[in-house]
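Chains, contacts and geometry: an overview
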Amino acid sequence: MLQPQNHMQTPPSVLTSKDSMYINDMLSWNLLAMKKAHSAAEHCQDQQLKNVIDQCGQMHQRHYEQILAHLNAHVQNNNQSM
């Protein structure tokens with residue numbers, strides 16, 4: 001039987017190097033997916049498919065920007081508390 005996982009209610013105050021590498025990977029994956037979607041959409045002849053690919057690229061761009069926004073908010077909060 002699976003044990004219920006304990007979820008953190010608040011993020012930890014310190015990021016480990018492993019956390020940092022994972023965040024870097026998430027940013028890289030989203031940036032690459034965004035670039036690939038943009039390139040694929042440019043070469044697509046079918047307008048409906050092109051629209052779907054564009055939406056996919058926009059989704060990855062939003063995810064990229066959300067991750068950066070969270071990181072920037074964390075940095076600003078830390079700077080204000082100093």
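As the structure is a computational prediction, the values presented were derived from the model and not from experiment. Per chain, residue numbering runs from 1 following the sequence as it is written. With pLDDT at 70 or above as the cut-off, local features in this predicted model cover only qualifying residues; side-chain atom pairs require 80 or more to be listed or tallied, and sums for whole chains, interfaces and linings still use all residues. Side-chain numbers here rest on the full set of heavy atoms in the structure, without hydrogens or water.

Quick notes on the overall build of the chain
Definition in use: Strands are runs of DSSP state E lasting at least 2 residues, helices are runs of H or I lasting at least 4, and numbering of each runs from the N terminus. Radius of gyration means the value over C-alpha atoms here, while the globule rule gives 2.2 Å times the residue count to the 0.38 power. Partly exposed residues are those whose accessible area sits between 20% and 50% of the maximum for their type, while under 20% is buried and over 50% is exposed, using a 1.4 Å probe and protein chains only. Note on areas: these come from Shrake-Rupley sampling with a 1.4 Å probe, and a residue is covered only by the protein chains present in the view. Only four residue types enter the tally: Lys and Arg on the positive side, Asp and Glu on the negative side, with His and both chain ends excluded. The location of each charge is read from NZ of Lys, CZ of Arg, CG of Asp or CD of Glu.
Scanning the chain from terminus to terminus reveals two helices and zero strands. A globule of 82 residues ought to have a C-alpha radius of gyration of about 12 Å, yet the chain, at 18 Å, is considerably larger. Residue burial in the chain is summarised as follows: out of 82 residues, 13% are buried. Accessible surface, the chain: about 7,300 Å² in total, of which carbon and sulfur atoms supply 56%. Across the chain, the mean location of the 5 positive side-chain charges is 3 Å away from that of the 6 negative side-chain charges.

Looking at the packing of aromatic side chains
So the rule is basically this: Here the aromatic set is Phe, Tyr and Trp, taking the six-membered ring for Trp, and pairing holds for ring centres within 6.5 Å; pairs whose planes are under 30 degrees apart are stacked, those over 60 apart are edge-to-face, and all others are tilted.
Considering all chains together, one arrives at one aromatic pair under this definition. Taken together, a centroid distance of 6.1 Å and an interplanar angle of 80 degrees make the contact between Tyr22 and Trp29 edge-to-face.

Here's the deal with the environment of Asn77
If you trace the backbone, Asn77 turns up in helix α2 (residues 47–80). Given the relative accessible area of 48%, Asn77 is considered partly exposed. C-alpha separation for the pair Asn77 and Cys44, spaced 33 residues apart in sequence, amounts to 44 Å.

Structural notes on the environment of Ser28
Mapped onto the elements of the fold, Ser28 is located in helix α1 (residues 17–43). A relative accessible area of 38% means that Ser28 is categorised as partly exposed. Distance from Ser28 to Tyr64, taken between C-alpha atoms, is 8.5 Å for residues 36 residues apart in sequence.

Describing the state of the cysteines
For clarity, the threshold we go by: The rule for a disulfide is simple: a pair of cysteine sulfur atoms within 2.5 Å.
In total, this model carries zero disulfides according to the counting rule given. Considering cysteine sulfurs only, Cys56 is the nearest to Cys44, which forms no disulfide, with 12 Å between them. Overall, Cys56 belongs to the partly exposed group, its relative accessible area being 36%.

Comments concerning the side chain of Asn30
Applied cut-off: Here a polar contact is taken to be a pair of N or O atoms separated by no more than 3.5 Å, where protein atoms must pair a possible hydrogen donor with a possible acceptor and residues adjacent in sequence count only if both atoms sit in side chains.
Mapped onto the elements, Asn30 comes out in helix α1. Of note is the side chain of Asn30, whose polar atom sits 2.9 Å from the backbone oxygen of Met26. Polar side-chain contacts of Asn30 include one of 3.0 Å to the side chain of His60.

The values reported here are purely geometric and, on their own, carry no functional implication.
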